[in-house]
Structure formats: C-alpha cells, structure tokens
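Each chain, letter by letter, is given below.
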Amino acid sequence: MVLPMLITLMIGTFQYGLLMFTYASMLDAARNATRKLAVGSATEAQARTGALSVLPTWIPAASWTITPQDSTTTGTTSVQTTIVVPSAKASVLNLAPMPASLTVKVVMRKEA
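Note that the structure is predicted; figures quoted are calculated from it, not measured.

K.L.:
I tried to follow the packing of helix H1 (residues 2-39) against helix H2 (residues 44-54) on my own but got confused; where do I start?
P.N.:
To describe two helices that pack against each other, one gives the angle between their axes and the distance between the axes. Packing of H1 against H2 leaves a shortest axis separation of 9 Å and a crossing angle of 155 degrees. One way to sum up the angle between H1 and H2 is to call them roughly antiparallel. With respect to the hand of their crossing, H1 and H2 are arranged in right-handed fashion. From H1, Ala29, Ala33 and Leu37 reach across to H2, where they touch Glu44, Ala47, Ala51 and Val54. Of the residues belonging to the contact of H1 with H2, the class tally is six nonpolar, no polar and one charged.

K.L.:
I tried to follow the pattern of salt bridges on my own but got confused; where do I start?
P.N.:
Side-chain pairs of opposite charge can arise whenever the charged atoms involved come near each other. With the rule as written, the count across this model stands at two salt bridges. Here Arg35 and Glu111 are joined by a salt bridge, their closest N and O atoms 2.5 Å apart. In this pair, Arg35 sits in helix H1 while Glu111 sits in the segment after strand S3 (101-109), placing the two residues 76 residues apart along the sequence. A relative accessible area of 39% places Arg35 in the partly exposed class. The salt bridge involving Lys110 is made with Asp70; its shortest N-O contact spans 3.2 Å. Here Lys110 is found in the segment after S3, whereas its partner Asp70 is found in the loop between strand S1 (65-69) and helix H3 (71-74), with 40 residues between them in sequence.

K.L.:
How should I be thinking about a nonpolar patch on the surface in this particular structure?
P.N.:
Nonpolar side chains collect at one region of the surface, where Met1, Val2, Leu3, Leu6, Ile7, Leu9, Met10, Ile11, Phe14, Val92, Leu93 and Leu95 lie side by side and expose about 1300 Å² of accessible area between them. Relative to the elements of secondary structure, Leu6 occurs in helix H1. Look at Leu6 and you get partly exposed, because its relative accessible area is 42%.

K.L.:
How should I be thinking about the pairing of S1 in this particular structure?
P.N.:
It is a general feature of regular strands that their side chains alternate between the two faces of the sheet. Covered by surrounding structure in S1 are Ile66 and Pro68 only, the residues Thr65, Thr67 and Gln69 on the alternate face being uncovered. Across five bridges, the pairing between S1 and strand S2 (residues 78-86) is antiparallel. In the sheet register, Thr65 faces S2, and the bridge partner there is Val84.

K.L.:
Please explain the sheet that holds S3 as it appears in this structure.
P.N.:
One key point about sheets: their strands pair by backbone hydrogen bonds, in either a parallel or an antiparallel sense. Pairing in this open sheet of three strands is antiparallel, and the strands run S1-S2-S3 from one edge to the other. For this open sheet the edge positions go to S1 and S3, each flanked by a neighbour on one side alone. Looking at each pair of strands side by side, their axes are set apart by 5 degrees on average, direction ignored. Helix-sheet contacts for H1 involve S1, S2 and S3, and the interaxial angle to S3 is about 25 degrees. Packed on one face of the sheet, H2 meets S1 and S2 and runs near 140 degrees to S1.

What counts as what
Residues numbered from 1 in each chain as written. Predicted model: local features only at pLDDT ≥ 70, side-chain atom pairs only at ≥ 80, totals over all residues. Heavy atoms only, no water. Axes fitted to C-alpha atoms, helices over the stretch in contact; angles between N-to-C directions. Helix = DSSP H or I, 4+ residues; strand = E, 2+ residues; numbered from the N terminus. Parallel < 35°, antiparallel > 145°, perpendicular 65-115°, else oblique. Left-handed = near helix turned anticlockwise from the far one by under 90°. Contact = heavy atoms within 4.5 Å. Nonpolar A, V, L, I, M, F, W, Y, C, P; charged D, E, K, R; others polar. Salt bridge = Lys/Arg side-chain N within 4 Å of Asp/Glu carboxyl O. Buried < 20%, exposed > 50% of the residue type's maximum accessible area, 1.4 Å probe, protein only. Patch = residues over 30% accessible without salt bridge, like charges linked within 9 Å, V, L, I, M, F, W, Y side chains within 5 Å. Areas by Shrake-Rupley, 256 points an atom, 1.4 Å probe, with all protein chains shown as cover. Pairing = 2+ DSSP bridges.

Encoded structure:
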C-alpha cells in the first residue's frame, strides 16, 4: 500500500529535479551569451551557438528556441537573450502537472 505512493514521490522528485537542473542550465547559457553580446566579443549567431553548446544534451537541439539580440536589434543600449524549451521535452515522464514551457530571459546593458 505504501509502495505506490513511494514510487510516485520518487518519480515526482526526479522529474522536478530534472526541470530545475534544465532551468539552471538555461539561465547559465543565457547569462554567458548575453555577456558576450554586451562586451562585443560575439555576434548573435556566435552567442546562439555558444548557448546551445552548454545546454543539456538529452534535449534535442531542435527543441530549443534561442534568441540573442544585440543592441542594434533591440534598438536600445541593452542586449538580451531568451531561451525557451517545452517542458515535455525537458522531462522524462509527463505524469505531473508542469508549466507548458521553461523560459529564461536575461537583459544586460551594452558596454561601451
């Protein structure tokens, strides 16, 4: 009687842990890409490629939406990077309620 509840609890813990790891990886990738854009050491394409290279590899590359934007694109003195992935692609089992997608957006001022 206790075993099904214990297994459900373990699966839920694993699933949400995996989502939190994916979110932390996305945040790190977005920060690094945005920083490279802010200091002018990368173009938007290079920032996108760099961000994709540090994201979890168990999620197919086609699932990621990576949008780095330099100050010429945003029209301001800020640069930003947005990374989105569907939650269904970032989890092993889709048994528990989850958000539709994981989204990270990092904005920094462009350095002169």
